[in-house]
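# Coordinate inspection notes
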Amino acid sequence: MSTTFEAKVVGFLCNWCSYAGADKAGGAQKPYPHNFKIIRVMCSGRVEPEFVLEAFRKGATGVVILACHPGDCHYKTGNVIAAGRFRLLKKLLIQLGIDEKRLIMEYISASEGERFIEVITKTVRDLESLETAPA
Amino acid sequence: MSDKPKIAMYWASSCGGCEIALVNLHEKILDVDAAFNLFFCPCLVDTKTKDIEALADGELAITFFNGAIRTDENLEMARLLRKKSQILIAFGSCAVEGCIPALGNLVPAAKYFDPIYRDNLTTANPDNIIPLNKSEIAEGSLGIPLFLKKVRTLGQVTEVDYFLPGCPPEPHRIWQAVAALIAPDGPPPKGSVVGVGPSTVCAECRRERTDKKIRRFFRTYEIIPNQTECLLDQGILCMGIATREGCGGLCPEVNMPCTGCYGPPAGRLDQGARMTAAIGSILDLGEVKGLGEKELHGRIDQALGAIPDYAGTFYKYSLAGSILGGREKL
Ligand code: SF4
Ligand code: SF4
Ligand code: FES
């Protein structure tokens, strides 16, 4: 099926890991999907559940939270807190009739520029096929 | 007829508890009566909608509007009373943020009647009869109010001057709000939330708090809480932490967890999101260094497992007023 649908994807990237990873990818001139909109936060623990709901209300196809690997958060436990909120938000989204696959959390370190590209390219593609899949 | 300023109290989609709360002003209700003429209140006095229609615009000094907007009749009354009132107060949780009626927003509109009229085990309805807006019968046509697709708050359908939360608002808070309206230094700014405190229920709760580390949650029947420690510290899902101050901490005072009836705290849009934020930060997940994603998320899901009906618990009173307002597609 031909897809003309372009997803709007909001990514909250932790300054210390995935944002640095994204920077690295950018520095190496690696292309990544232009419809992945990056918001830099100081830690994934800064991502208030309100931010996620607000993004969906405003029409985001997907929301992606990228954090440091477990145990590696710059502020020790920010990413674990974010993970707890993420799991709980998914359960709420199901009840609110939003496909839980539209909320994604991944752990990407500063050195994983390649992986950053892979993850978000795949995520954007997945979200687009989700949206165009026959109901 | 009396020339005291006219006031009204009207119930839209509500249970009537707000009227009880008003009567619970006890002898102060006499002061209200001395100062005002309670012109319209279907629960207590016998004037009709046509009497409201006959008033000049703005002839009602104050209207306390309780109940959510569920039907087209609720909507019409909200607009009529807005027109006829100088001050329109969203009175109680249903009018302020949707309350129990708004839990209907978790169900697609087409299925809304099913649990009662079709699926209920003790219901036999072979002819598939459900309430209709208009029915033709031999004697003519009959109408009942139309159910709208989505439950909305009063503030979502018309301009509201003040918001008085609570399910129902505590009588001393109602009094405080009324007193503020007629205070010599002028009423609070329009759009204010009145009859509340600045913080959360925890600020009024007398239980001792420690650093929260929750391994699992308990439902109220699974545990006998001790009388002194914070209920949330004990693993009981107390919404006080994500609920506006105002009630005096009534429920935790008697060993019951707060269920959130005063809505989200000041400056916050979404009570469920607040509770999600709080719970995410108090789970005890042990050592996580080197843990894979699957394992970490597994531990979290296990800790959350005992919570029943997430949306129904976190948005029991505030779904219509929340960021998403209910299901994405109704
Ligand atoms: S969470 Fe509940 S029990 Fe604990 S301090 Fe707050 S209101 Fe009191
Ligand atoms: S403790 Fe919570 S549920 Fe109980 S009256 Fe106060 S705000 Fe309402
Ligand atoms: S600093 Fe990266 S997730 Fe906390």
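Treat the numbers as computed from the prediction; the structure is a model and nothing was measured. (Residues numbered from 1 in each chain as written. Chains lettered and ligands numbered in written order. Predicted model: local features only at pLDDT ≥ 70, side-chain atom pairs only at ≥ 80, totals over all residues. Heavy atoms only, no water.)

## Observations regarding the sheet that holds strand β4 (residues 103-107) of chain A
All names here are of chain A.
- Spatially, β2-β1-β3-β4 is the arrangement adopted by the four strands of the open sheet, whose pairing is parallel. The open sheet is flanked by β2 (36-41) and β4, the only strands paired with a single partner. Strand-to-strand twist in this sheet, taken as the mean axis angle between neighbours without regard to direction, amounts to 20°.
- With six bridges connecting them, strand β1 (residues 9-14) and β2 associate as parallel partners. (Pairing = 2+ DSSP bridges. Helix = DSSP H or I, 4+ residues; strand = E, 2+ residues; numbered from the N terminus. Axes fitted to C-alpha atoms, helices over the stretch in contact; angles between N-to-C directions.)

## Side note on the side chain of A:Asn79
Residue and element names in this part refer to chain A.
- Here Asn79 shows up in helix α3 (residues 78-95).
- Classification of Asn79 as buried rests on a relative accessible area of 1%.
- Excluding residues within four positions of it along the chain, Asn79 makes contact with Cys43, Ser44, Ala67, Cys68, His69, Pro70, Gly71, Asp72, Cys73 and Met105. (Buried < 20%, exposed > 50% of the residue type's maximum accessible area, 1.4 Å probe, protein only. Contact = heavy atoms within 4.5 Å.)

## Overview of the sheet that holds strand β2 (residues 37-40) of chain B
All names here are of chain B.
- The strand order across the open sheet formed by five strands is β2-β1-β3-β5-β9, and the pairing between neighbours is parallel. The open sheet terminates on both sides in strands that have one partner only, identified here as β2 and β9 (162-164). With strand direction ignored, the average angle separating the axes of adjacent strands in the sheet is 30°.
- As judged from the three bridges shared by strand β5 (residues 85-91) and β9, these two strands associate in the parallel manner. Within β9, the residue paired with Phe91 across the bridge is Leu164.
- Across the sheet, helix α4 (residues 72-84) lies against β1 (6-11), β2, β3 (60-66) and β5, angled at about 140° from β5, the strand it touches most.

## Comments concerning the nonpolar core
- Ranked by internal contacts, the top residues of the largest apolar core, which has 69 residues, are A:Leu103, B:Phe217, B:Ile279, B:Leu304 and B:Phe314.
- Looking at which element gives the most residues to this core, the answer is α3(A), with eight residues.
- Residues from two domains meet in this core; each of domain 1 (6-101 + 151-193) and domain 3 (201-314) of chain B gives at least three.
- Apart from the residues lying within four places of it in its own chain, the contact partners of B:Phe314 are A:Leu88, A:Leu92, B:Leu237, B:Met239, B:Gln271, B:Gly272, B:Met275, B:Thr276, B:Ile279 and B:Ile307. (Core = buried A, V, L, I, M, F, W, Y, C linked by side-chain atoms within 4.5 Å. Domains from an automatic or database assignment.)

## Side note on the pattern of salt bridges
- Within this structure, the stated rule accounts for 29 salt bridges over all chains.
- Between A:Arg57 and A:Glu54 there is a salt bridge, with the nearest N and O atoms lying 2.6 Å from each other. Of this pair, A:Arg57 and A:Glu54 both sit in helix α2 (residues 49-57), separated by three residues, roughly a single helical turn.
- Residue classification places A:Arg57 among the partly exposed positions, given a relative accessible area of 46%.
- Here B:Arg206 and B:Glu253 are joined by a salt bridge, their closest N and O atoms 2.3 Å apart. Highlighted residues: B:Arg206 in the loop between α9 (201-204) and α10 (250-253) and B:Glu253 in helix α10, separated in sequence by 47 residues. (Salt bridge = Lys/Arg side-chain N within 4 Å of Asp/Glu carboxyl O.)

## Considering a nonpolar patch on the surface
- A cluster of nonpolar residues, A:Trp16, A:Met42 and A:Tyr75, forms a patch on the protein surface that exposes about 310 Å² of accessible area.
- Overall, the relative accessible area of 45% leaves A:Met42 in the partly exposed class. (Patch = residues over 30% accessible without salt bridge, like charges linked within 9 Å, V, L, I, M, F, W, Y side chains within 5 Å. Areas by Shrake-Rupley, 256 points an atom, 1.4 Å probe, with all protein chains shown as cover.)

## A short note on the packing of aromatic side chains
All names here are of chain B.
- Under the counting rule described, the total for this entry stands at ten aromatic pairs over all chains.
- Relative to Phe65, the ring of Tyr10 lies with its centre 5.9 Å away and its plane at 50°, an arrangement referred to as tilted. Of this pair, Tyr10 sits in strand β1 while Phe65 is found in strand β3, placing the two residues 55 residues apart along the sequence.
- You can call Tyr10 buried: its relative accessible area is 7%. (Phe/Tyr/Trp six-rings, centres within 6.5 Å; stacked < 30°, edge-to-face > 60°.)

## A look at the interface of chain A and chain B
- At the junction of the two partners, chain A supplies 29 residues and chain B supplies 36 residues.
- Summed over both partners, the interface of chain A with chain B buries about 2,900 Å², with 65% contributed by carbon and sulfur atoms.
- Of all residues in chain A, A:Leu88, A:Gln95 and A:Leu96 bury the most surface against chain B, accounting for 22% of the area lost on that side.
- The salt bridge partner of A:Lys91 is B:Asp301, with a shortest N-O separation of 3.6 Å.
- Secondary structure elements with two or more residues in the side of chain A that touches chain B: α2, α3 and β4 of chain A. (Buried area = accessible area lost by both parts, 1.4 Å probe.)

## Let's talk about the domain arrangement of chain B
All names here are of chain B.
- According to the domain assignment, chain B contains domain 1 (6-101 + 151-193), domain 2 (108-147) and domain 3 (201-314).
- Placing a centre on the C-alpha atoms of domain 1 and another on those of domain 2 gives a separation of 31 Å.
- Each side of the interface is counted separately: domain 1 has four residues, and domain 2 has four residues.
- In terms of surface lost to domain 2, no three residues of domain 1 exceed Arg70, Thr71 and Asp72, which account for 87% of the buried area on that side.
- For the pair domain 1 and domain 2, the number of links is two residue pairs in polar contact (both at pLDDT 80 or more).
- Mapped onto the side of domain 1 that touches domain 2, the elements with two or more residues apiece are β4 (69-71) and α4. (Polar contact = N/O pair within 3.5 Å; in protein donor to acceptor, adjacent residues only side chain to side chain.)

## As for the pairing of strand β3 (residues 62-67) of chain A
Residues and elements named next belong to chain A.
- Summarising burial for β3: six of the six residues are buried, a large majority.
- Side chains Gly62, Val64 and Leu66 of β3 all project onto a buried face; the interleaved residues Val63, Ile65 and Ala67 project onto the opposite face, where all are buried too.
- Judged from the five bridges that link them, β3 and β4 form a sheet pairing that is parallel. Paired with Leu66 across the strands is Glu106, a residue of β4.
- Each parallel crossover has a hand, and for β3 linked through α3 to β4 it is right-handed. (Right-handed = clockwise from strand over helix to strand, strands pointing away.)

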